[in-house]
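# A structural walkthrough
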Amino acid sequence: MPLFEGLGSGGEKTAVVIDLGAAYTKCGFAGETGPRFIIPSEIQKPGQQQSIKVVQYNINTEELYSNLKEFIHMLYFRHLLVNPRDRRVVIIESILCPSHFRETLTKVFFKQFEVPSVLFAPSHLMAIMSLGINSGLVMDCGYTETLVLPVYECIPILPAWEALPLGGKAIHKELDGLLVEQCTVDSDSSTGQSLPTYIHIDPLMLFVLSCCPVRTCFISDLQRGLKIQEAKFNLGGTAERPTPPPDVDYPLDGEKILHIKGPIRDSVMEMLFEQDNEEKSVASLVLDALVKCPIDTRKALSENLVIIGGTAMLPGFLHRLLAEIRLLVEKPKYRDALATKSFRLHSPPAKPNCTAWLGGAIFGALQDILGSRSVSRDYYNQTGRIPDWCCLSSPPPESVYDAGKTPPPLMKRAFSTEK
Amino acid sequence: MASLLQPDRVLYLVHGEKKIRSPLSTLYFCRYCSELRSLECVSHEVDSHYCPSCLENMPSAEAKLKKNRCANCFDCPCCMHTLSTRATNIPAPLPDDPSKTTMKKAYYLACGFCRWTSRDVGMADKSVASGGWQEPDNPHTQRINKLIEYYQQLAQREKLERDRKKLARRRPYMPLAFSQHTIHVVEKYGLGTRLQRQRPGAPITSLAGLSLKEGEDQKEINIEPAQALDEVEPLPEDCYTRPINLPEVTSLRQRLLQPDFQPAGASQLHPKHKHLLIKRSLRCRKCEHNLSKPEFNPTSIKFKIQLVAVSYIPEVRIMSIPNLRFQKECQVLLTLTNPVENITHVTLVGCEEGDPEDINSTAKVMVPTKELVLAGKDAAADYDELAEPQDFQDDPDVVAFRKSNKIGFFIKVVPQREEDGDVTVSFKIRHDFRNLAAPIRPSEEGDAPTEAIWLTHHVELSLGPIIA
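Residues numbered from 1 in each chain as written. Chains lettered and ligands numbered in written order. Predicted model: local features only at pLDDT ≥ 70, side-chain atom pairs only at ≥ 80, totals over all residues. Heavy atoms only, no water.

### Focus on the overall build of chain A
Rules: Helix and strand definitions follow DSSP, with helices as H or I runs of at least four residues and strands as E runs of at least two, each counted in order from the N terminus. For the exposure calls, accessible area comes from a 1.4 Å probe over protein chains only, and a residue counts as buried if that area is under 20% of its type's maximum, exposed if over 50%, partly exposed in between. Contact definition: two residues touch when any of their heavy atoms are within 4.5 Å. Residue-level accessible areas treat just the shown protein chains as cover; the underlying method is Shrake-Rupley with a 1.4 Å probe.
Tallying secondary structure elements over chain A gives 15 helices and 17 strands in all. Residue burial in chain A is summarised as follows: out of 419 residues, 57% are buried. Contacts in chain A between residues at least 24 apart in sequence constitute 66% of all its contacts with a sequence separation of at least 6. Carbon and sulfur atoms form 54% of the exposed surface of chain A, whose accessible area is close to 17,200 Å².

### As for the interface of chain B and chain A
Threshold: A pair is scored as a salt bridge if a Lys or Arg side-chain nitrogen falls within 4 Å of a carboxyl oxygen belonging to Asp or Glu. Contacts described as polar in this section are N or O atom pairs within 3.5 Å, which, within protein, must combine one atom able to donate a hydrogen with one able to accept it, while residues neighboring in sequence count only if both atoms come from side chains.
Across the boundary between the two partners, chain B contributes 85 residues, which contact 107 residues of chain A. Taken together, the links from chain B to chain A amount to seven salt bridges. Glu114(A) is the salt-bridge partner of Arg285(B), the closest N and O atoms lying 3.2 Å from each other. Our count for the contact surface shared by chain B and chain A stands at 23 residue pairs in polar contact (both at pLDDT 80 or more).

### Things to note about the confidence of the model for chain B
All names here are of chain B. The condition is simple: Confidence per residue, as judged by the predictor, is encoded in pLDDT with a range of 0 to 100.
On average, chain B scores 81 in pLDDT, and the residues at 70 or more come to 83%. Every residue in residues 172-179 scores below 50 in pLDDT, and together they form five contacts with partners more than four places removed in sequence or on other chains. This model gives residues 186-204 a pLDDT under 50, and the stretch forms 28 contacts once residues within four places in sequence are excluded. The ipTM value of the predicted complex is 0.85, and its pTM value is 0.87.

### Brief notes about empty space enclosed by the protein
Stated formally: Only protein atoms enter the calculation, which uses a 1 Å grid: trapped sets of points that fit a 1.4 Å probe without letting it out are cavities, open sets showing protein on both sides within 12 Å along at least five of seven lines are pockets, and any residue with an atom within 4 Å of a point is a lining residue. Grid points are joined across faces, edges and corners, and a volume is the space filled by probe spheres set on the points. For this scheme, ten residues count as nonpolar: Ala, Val, Leu, Ile, Met, Phe, Trp, Tyr, Cys and Pro. Four count as charged, namely Asp, Glu, Lys and Arg, and the remainder, Gly too, count as polar.
Scanning all chains against the criterion turns up three cavities of 30 Å³ or more. Lining the largest cavity are Phe77(A), Asn83(A), Pro84(A), Arg85(A), Gln112(A), Phe113(A), Glu114(A), Ser43(B), His44(B), Glu45(B) and Arg285(B). Looking at side-chain class alone, the lining of the largest cavity contains three nonpolar, four polar and four charged residues.

### Considering helix H11 (residues 317-328) of chain A
Residue and element names in this part refer to chain A. As a reminder of what qualifies: Here, expected helix span is obtained from the residue count minus one, scaled by 1.5 Å.
Helix length check: H11 (12 residues) gives 16 Å between terminal C-alpha atoms against 16 Å at 1.5 Å per residue, within 8%. Among the residues making up H11, those that are buried are Phe317, His319, Arg320, Leu321, Leu322, Glu324, Ile325 and Leu328. In this fold, the buried residues of H11 make contact with strand S8 (136-141), helix H7 (222-233), helix H9 (282-292), strand S16 (305-308) and helix H12 (332-335).

### Quick notes on the environment of Ala228(B)
Secondary-structure assignment places Ala228(B) in the loop between helix H4 (193-196) and helix H5 (252-256). Judged by relative accessible area, which is 16%, Ala228(B) ranks as buried. The spacing of Ala228(B) and Leu39(B) is 189 residues in sequence and 51 Å in space, taken between C-alpha atoms. Once you skip the residues sitting within four places of it in the chain, Ala228(B) turns out to touch Glu303(A), Asn304(A), Arg344(A), Leu345(A) and His346(A).

### A closer look at the environment of Arg265(A)
Its place among the elements puts Arg265(A) in helix H8 (residues 262-267). A C-alpha to C-alpha distance of 6.6 Å links Arg265(A) and Phe218(A), two positions 47 residues apart in sequence. Sequence-distant contacts of Arg265(A), that is, excluding residues within four places in its chain, are made with Thr216(A), Cys217(A), Phe218(A), Pro245(A), Pro246(A), Val248(A), Ile260(A) and Ile244(B).

### Comments concerning the pattern of salt bridges
With the rule as written, the count across this model stands at 38 salt bridges over all chains. A salt bridge links Arg37(B) to Glu35(B), with the nearest nitrogen and oxygen atoms 3.1 Å apart. On the basis of relative accessible area, Arg37(B) is assigned to the buried category, the value being 2%. With relative accessibility at 29%, the residue Glu35(B) sits in the partly exposed group. One network of salt bridges, with partners in common, ties together Arg85(A), Glu114(A), Arg285(B) and Glu288(B).

Structure, rendered in structure tokens:
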């Protein structure tokens, strides 16, 4: 068992790749084929039963700092089992991440854990890297929102971003509402109880319920879905709902059983495709983004659709999405604007919730340039901030070395990977 | 009464980047810096790996290869309990004589908690007790490795470009403006010299991926770009009508335990090797000395280095509190324990007005002005009945009792605020500390080998609510 095998080329240790999502965090090492762990982005404070979500944008800096510190501590010493000081970090982030959150996260990494360098990689760009193509329209269906960003020749077309708050969170809310309204719970002592009496008692129940849409619900195909929507809004007056799937008895814990009605199972996901008053749905985001892109790029983008994110793993999602896009492109709004009518979908070499992570892992394995593209600890200590794409006033890394005062090193690069 | 012994009633202040107040039992003492340290101002390091079920230590190189998983132990994919290996006897034909059968042992994995067995997922019984169980491979491994190779080639090119540009710039070694001209001259037809050089919009380059630039040859680098598909498989028809067998469908937690596969059906849940745990060592950030280093052996709870604060700093504890009344002087009994073996002299000083560290106190406190002397900790004191008690002249107004290395003393508290919430007092405790870690200099003229330095700590006590 040669000892050098695990060290990587040139003796530098493999970087740590972390994808901090609102619901789940994927963490692992660069160069591997999948994350080591997918854990909920939550911390548990002693004495409190309710876990605290780590990715919150509206809390004050102190609290966010301590939450992030505890979470990252757990990531390193429970799951990754490595010293933070030895390895570079690649963080997969959404480009819409607020600067305040980014800066606090950077502060935690540099001040508390003293990592050598940090690289913030946009998730949509990383998804393209995992495929080996240069252009693609990437749609990230996550927990808080669905975000579409086209990438052309490895550069994201930033003005063409589109987003909707239709994601896992919205589905949970809708499902909870429907369950509370329509479903009953049986337990040893009673039958026909309604759900709210149990949810408020036990936060553990909420966790069990969060698995419920994944296990029991699905997305119908286009024809069926349109009929369900019609029946719901009763536009025609005579619309008849297609036969619902059978009911499910969902055990909440050892005693209690929740009876989920059949119609809920196929109709709750329709909210992703129901067009609201602005005629926006998850499918129309793709077309709106295409319209915003330059004309020459549209064909390449439409034939390279990439769907990532946990919500995209719902059964029937991809098929329905393609069908909806093809339906919508015939509508007058898009028919004249878009000449391209062919849409093709990629299947990345990883599950959709890990694709962005995989791209980050591939990038993190490129030790030649990882150092030069990252923000080093020295740069952070000198400037006190991390460069953001939306802020043009950050000095470029090389100008931090003043040519007049200290002679810049001749052969070494500004951030060498040598210690 | 036991609530008085709760550790968080007496807090010591730690001076670090942030001022942290925490009980002495959670703090460490760096005897090289002579300062208290808390968990937040030390750096944590991974010391050793071990398996939680077989308690076997694993060297870090092996842990890295095995991806931090134990070779012998498995986790149940359904309930995450540890799997145990069970043996059955199955009839198997003898190798020499196919007609006769003999009993051979076959091993399978079973969970004692949820009754899952390896036969449920179709794993065949193995003939060896350990080492026969393999985890399935990720089918995409080859493609991902090819992608990594391809991008590594591109990365090498980018690195060469950068180095070349840096060299080109450094060669004339002129002020920046002039060297731009030089670059232009050198790379006459370089397409985007201005584009490729880092500009104030530098952060944008962090958004750019890696790609072959124009004009670069495609000879050595080739990768099959992924093919996009026109059609996606729809849901099977019976999905709409078939009743679900819920135990057969995996829950989210079970799926996410296997990130590479995330199977939806329980018949594809394979067991994974058990994840290791670590022992942590702590290091002072300022002087880089170890504050805590555990033993290598996973079964041992001792430490090689254990610089905890309770073994260096005298500890204050609350012994009894009378009824606290607003604006009335009450006498609180505290104890002070000496953790070291020499005699320690302790002086208590009240906090002055406007002390920046004194933010929480809600009462005035009068501490004894005289110096308190604490006897050294003598391990044999309990058993040695014939030892003569050491003679300290104790003022009975100040010192309530004395027992080996502990004394009880009184402080007077006058609560200043009539409100809900605890009465909090703070004072400073100053004691002498002999640093045994310092190198013993060759004594000149018979000096005392260790000199005492005086340390001051800020202590806060939470005495409970006011009883009207």
